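Observations on the model geometry
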Amino acid sequence: MAKKKKSKGKKGSKALKRILLLILVLLILFGVMCFITPTEGEMEGYGEGGEIIGLEIPSGGKGEIIEHTGYTLSYREEYEVPEWVAYELTREEVTTLAVERKDNFREDKTVSTGSATLQDYKKSGYDRGHMAPAADFRWSAEAMDDTFYLSNMCPQTHAFNAGIWSDLESAIRSMAYEDGSIYVVTGPVLTDGPYDTIGENDVAVPSYFYKVVLDYSEPTLKAIGFILPHENSKNPLSYFAVTVDEVEERTGLDFFPLLPDNTEEKLESSLDTSLWALRAFDSSLAAESEGEALAYVAPKASSPLQDTVLSAIMEVMYRIKKEVFYAIGIEKEARSLGLL
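Residues numbered from 1 in each chain as written. Predicted model: local features only at pLDDT ≥ 70, side-chain atom pairs only at ≥ 80, totals over all residues. Heavy atoms only, no water.

Considering the confidence of the model for the chain
Looking at the chain as a whole, the pLDDT averages 85, with 76% of positions reaching at least 70. Ignoring residues within four places in sequence, the model shows residues 295–308, a span with pLDDT below 50, making six contacts including any to other chains. (pLDDT = per-residue confidence, 0-100. Contact = heavy atoms within 4.5 Å.)

Structural notes on the sheet that holds strand β3 (residues 81–90)
Spatially, the seven strands line up as an open sheet ordered β1-β2-β3-β7-β10-β11-β12, and their pairing is antiparallel. The sheet is open, and its two edges are formed by β1 (64–68) and β12 (241–242), each paired on a single side. Judged from the eight bridges that link them, strand β10 (residues 208–215) and strand β11 (residues 222–229) form a sheet pairing that is antiparallel. Bridging from a neighbouring strand, Val 212 pairs with Gly 225 of β11. (Pairing = 2+ DSSP bridges. Helix = DSSP H or I, 4+ residues; strand = E, 2+ residues; numbered from the N terminus.)

Overview of the packing of aromatic side chains
Scanning the model with the defined rule gives twelve aromatic pairs in all. Ring centres 5.7 Å apart and planes at 55 degrees place the aromatic pair Tyr 210 and Phe 255 in the tilted group. With a gap of 45 residues between them, Tyr 210 in strand β10 and Phe 255 in the loop between α8 (244–251) and α9 (261–269) connect regions that are remote in the sequence. Like Tyr 210, the residue Phe 255 is buried in the burial classification. An aromatic cluster is present here, built from Tyr 71, Tyr 87, Phe 137 and Trp 139 joined pairwise through their rings. Here the guanidinium or amino end of Arg 250 rests over the ring plane of Tyr 208, the centre of that ring lying 4.7 Å away. (Phe/Tyr/Trp six-rings, centres within 6.5 Å; stacked < 30°, edge-to-face > 60°. Buried < 20%, exposed > 50% of the residue type's maximum accessible area, 1.4 Å probe, protein only. Lys NZ or Arg CZ within 6 Å of the ring centre and 35° of its normal.)

Side note on α8
Buried within α8 are the following residues: Val 244, Val 247, Glu 248 and Thr 251. Buried residues of α8 fall within an arc of 105 degrees about the axis and therefore sit on the same side. Tucked inside the fold, the buried residues of α8 contact β10, β11, β12 and α9. Immediately beyond the C-terminal end of α8, within one or two residues, lies Gly 252, with a positive phi of roughly 80 degrees. (Arc of directions from axis to C-beta.)

Some details on the pattern of salt bridges
For the structure on display, the rule yields eleven salt bridges. In this structure, the salt-bridge partner of Arg 76 is Glu 78, at a minimum N-O distance of 2.6 Å. Here Arg 76 falls in the buried class, since its relative accessible area comes to 8%. Close ionic contact of Asp 146 with Arg 106 constitutes a salt bridge, the shortest N to O distance being 3.9 Å. Of the two residues, Asp 146 sits in helix α5 (residues 141–146) while Arg 106 sits in the loop between β4 (96–97) and α4 (118–121), which places them 40 residues apart along the sequence. Both residues of the pair, Asp 146 and Arg 106, belong to the buried class. Within this structure, Arg 76, Glu 78 and Glu 83 form a network of salt bridges that share partners. (Salt bridge = Lys/Arg side-chain N within 4 Å of Asp/Glu carboxyl O.)

Some thoughts on the pairing of β1
The pairing of β1 with strand β2 (residues 71–76) spans five bridges and is antiparallel. Its bridge partner being in β2, Glu 67 is matched across the sheet by Thr 72. The loop that links β1 with its antiparallel partner β2 comprises two residues; one of these, Gly 70, has a positive phi angle of about 90 degrees.

Comments concerning helix α7 (residues 164–179)
Helix length check: α7, at 16 residues, gives a terminal C-alpha distance of 22 Å against a target of 22 Å (1.5 Å per residue), a fit within 8%. Every buried residue of α7 is listed here: Ile 164, Trp 165, Leu 168, Glu 169, Ser 170, Ala 171, Ile 172, Arg 173, Ser 174, Met 175, Ala 176 and Asp 179. Of the residues one or two after α7, Gly 180 is the one with positive phi, at around 95 degrees. (Expected span 1.5 Å × (residues − 1).)

Observations concerning a nonpolar patch on the surface
Residues Leu 21, Leu 22, Leu 24, Val 25, Leu 26, Ile 28, Leu 29 and Val 32 make up a contiguous nonpolar surface patch of roughly 740 Å² in combined accessible area. Judged by its relative accessible area of 52%, Leu 21 is exposed. (Patch = residues over 30% accessible without salt bridge, like charges linked within 9 Å, V, L, I, M, F, W, Y side chains within 5 Å. Areas by Shrake-Rupley, 256 points an atom, 1.4 Å probe, with all protein chains shown as cover.)

Description of the environment of Ser 140
Position of Ser 140 relative to the elements: it lies in the loop between β5 (127–130) and α5. Note: C-alpha distance between Ser 140 and Thr 69 (71 residues apart in sequence) is 9.0 Å.

A word on the nonpolar core
Counting residues in hydrophobic clusters, the biggest one holds 53 residues, and the most contacted among them are Tyr 71, Ile 172, Ile 182 and Leu 228. Top contributing element to this core by residue count: α7, with seven residues. Apart from the residues lying within four places of it in its own chain, the contact partners of Ile 172 are Leu 89, Ile 182, Val 184, Lys 211 and Val 213. Judged by nonpolar contacts, the second largest core, of 20 residues, contains Tyr 210, Leu 214, Phe 256 and Leu 259. (Core = buried A, V, L, I, M, F, W, Y, C linked by side-chain atoms within 4.5 Å.)

Shown next, in the form of structure tokens:
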């Protein structure tokens, strides 16, 4: 009998050790999970610095979304031009001259239906007009090169492209320098056709072009829009300034939809040109640098299914973490430590 009791005692001791080991492993896994799962802000679409992820991306478009180094566009196959091109532009980027412009106009193979081609523009009488201008991307050789995809182009008369449109592009860089960081969306107005076309692919020649700009940094949040007829002009840029709401009406797009509703309504319905640096960018503010001064990591391509599965896993892990902290009564402490 004594031996049997001793045997049971050994079995009980081993079982207790296994339980304790399992608890330890679970605690370690939970600790790791606390740091690899998103915080509450990130679950709501915010980055670690509090920025709204993808703030520059409009909604309501009908094109194919294409991502390139430093900018995103929506390509409209029926017109063979982008309906919008969006990117963030910072003071550091406009003052970093890491590379010189090197023309590399070419078809965009990432457009599933095929983009416009060089042959479409040949002897057409129109420039290949950048929507995201090459001069905004001198901070990186790869970013600069990517602006020469024809998916980022619209046919523009030379007088317009090298005139008032170039003036507005330069002013955008002044805005980025003045405000530190701005969000830019630009493209042709594609709601007032039919249009003249060029080339075998019938590339549309737009009648108007637009830009909208958002400064979403303190102390002064502000937004402004521009609609320019496709012709050169001697009028000042302020002459073409409009509210973002007006650009939305003309294009059918919804700009900056991730803004809080009250903020979006206020910013997009107001216009005060005195708040903006509507002047040519002072190139002396930019510093020459060797190589690519700013490292850019292109987003890793993933399928919609992968994104959905990953989002679901992150959501489940976040909820588990939140429930555990709530159950043991340290939810507030976890938030203060940045774990929720």
